[in-house]
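Report on the structure
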Amino acid sequence: MSVLSAVATAIAATHQLTLTITDSERSVHTLGERTASLEEWAQDFTTYEVGLKGEGGAFIPARFAPCPAARCNGSGRDCGGGRDHRLASNVIEMTALVYDYDGLSADAMARIIDDVRALGLFCFWYTTHGHTPPACCKLRLVFPFSAPMPLRGKRQWSGIAWRELMNALDLPQCDIACSNPDRVYFGPEKPTEDAERPAGVITGKLLDWRPIVGDALERSAAVAVERVEAARPDESKPVDLDRVRARLRRITKPAIAPVLLRRVLADKVPTPPPHRRAAGDLPRREAWKRVTVALANAADPADSSEALLEILRKSYKDEVREALDDNPATPWETIETLLEGARESVATYRAQKHAEEIERPPVS
Ligand SMILES: [Zn+2]
């Protein structure tokens, strides 16, 4: 009996959804597209394969382009290019939004399904292999898009569109790995024929990502293009040091050691001289290294390093004042070199991030 017989709608019969099908999580080169009506997909998503977890096939709610012919997109696992390769950077379109929930109570799962009904959106839902109610329910939701979402790079999904969609639908937080555009999801499977695995289809409007995401993808791509093209340090331009100081004050990541920054911004030496060091106080070079990494992160790419170093100057003078003959201060040149190195790393990292948003030309 068709699951959709009770809920058959014109849209389910006519709307075509394309998903990428793969036989295993590990075979990254075996990808195939399947395009079918929602009615046919409903059949797939509510029909359980019996066997071990992962034996029943899997899907990715996306379409892939092959790796570029000249080179593979996957650093460190080069396929030679020109073939199917399941990598986030090869995703050209997202075709559905998937939520993955693990370890829900039966009540929590029932509430999520009620929440989905209240959204009025078309949704496939099924429980997965390890579903063991009432303590550990495992639920998957698949919302087909009304139209595919073209992507120019992987960060357009993980960094922008996925977050906007999460906020808009406002369902309980699902597995963060769903933000990977190439995430593989096993289909409906169960360990034994008589294992109970509820599944169903909620009818409604197809999820239209366009009013939710708006022009955020185009805007961020434009910014990324600008940043990739722009901005080596411009020594002739004045630097707004108060802006940089304000950003340094906002840094709270323990790895960057906010306590060092507070001392530097108060014109105090970042780390006490050896005879006054307490547990946790860093050696001088390590302290300056962290301070310069923070400064590199807080600066704009065009800021002149010469100007930025002024932020450290008084703190450095404090170090010189505290230094002893047998325990000299860090040479100023070392601090200059540390800052240059840190700015180089930050620039490379940022260029990489921006490039990930615009790996492909715009869709015309
Ligand atoms: Zn490849």
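First, a word on what this report is: a plain description of the structure on this page.

What counts, and at which threshold
Residues numbered from 1 in each chain as written. Predicted model: local features only at pLDDT ≥ 70, side-chain atom pairs only at ≥ 80, totals over all residues. Pairing = 2+ DSSP bridges. Helix = DSSP H or I, 4+ residues; strand = E, 2+ residues; numbered from the N terminus. Axes fitted to C-alpha atoms, helices over the stretch in contact; angles between N-to-C directions. Buried ≥ 20, exposed ≤ 12 C-beta atoms within 10 Å, placed from the backbone. Contact = placed C-beta atoms within 7 Å. Core = buried A, V, L, I, M, F, W, Y, C linked by C-beta atoms within 7 Å.

**A short note on the sheet that holds strand S6 (residues 91-104)**
Taken in spatial order, the 5 strands make up an open sheet running S5-S6-S8-S7-S11, and their pairing is antiparallel. Of all strands in the sheet, those bounded by a partner on one side alone are strand S5 (62-64) and strand S11 (199-202). Between one strand and the next, the sheet's axes are offset by a mean angle of 25°, whatever the strand orientation. In the sheet, strand S7 (residues 123-127) pairs with strand S8 (residues 137-150) via 4 bridges, with the strands oriented antiparallel.

**Overview of the environment of Phe122**
One can find Phe122 in the loop between helix H3 (106-119) and S7. Using a count of 25 C-beta atoms within 10 Å as the deciding quantity, one classes Phe122 as buried. Sequence-wise, Phe122 and Pro144 are 22 residues apart; in three dimensions their C-alpha atoms are separated by 7.2 Å. Once residues within four sequence positions are removed from consideration, Phe122 is found in contact with Leu38, Phe143, Pro144, Ile202, Thr203, Gly204, Lys205 and Leu206.

**Some thoughts on the nonpolar core**
Membership of the largest hydrophobic core comes to 51 residues, with the highest contact counts inside it found for Ala96, Cys123, Phe124, Leu139, Leu141, Val142 and Phe143. Contact partners of Ala96, with chain neighbours within four places excluded, come to Leu17, Leu19, Pro61, Val142, Phe143, Pro144 and Phe145. In terms of nonpolar packing, the next biggest core, distinct from the first, is built from 23 residues, Val291, Val293, Leu295 and Ala342 among them.

**Section: unusual backbone geometry**
Glycine aside, negative phi is the norm for most residues, and most peptide bonds take the trans geometry. Each neighbour pair has its own omega, and for Pro133 with Pro134 the value is 0°, a cis peptide bond. Here Pro134 lies in the loop between S7 and S8. A positive phi angle, close to 55°, is found at Asp170, a residue other than glycine. For Asp170, the location among the structural elements is in the loop between helix H4 (154-169) and strand S9 (185-186). Of the residues examined, Asp170 has 8 C-beta atoms within 10 Å and is grouped as exposed. Phi angles above zero are rare outside glycine, and Asp267 is one such case at about 65°.

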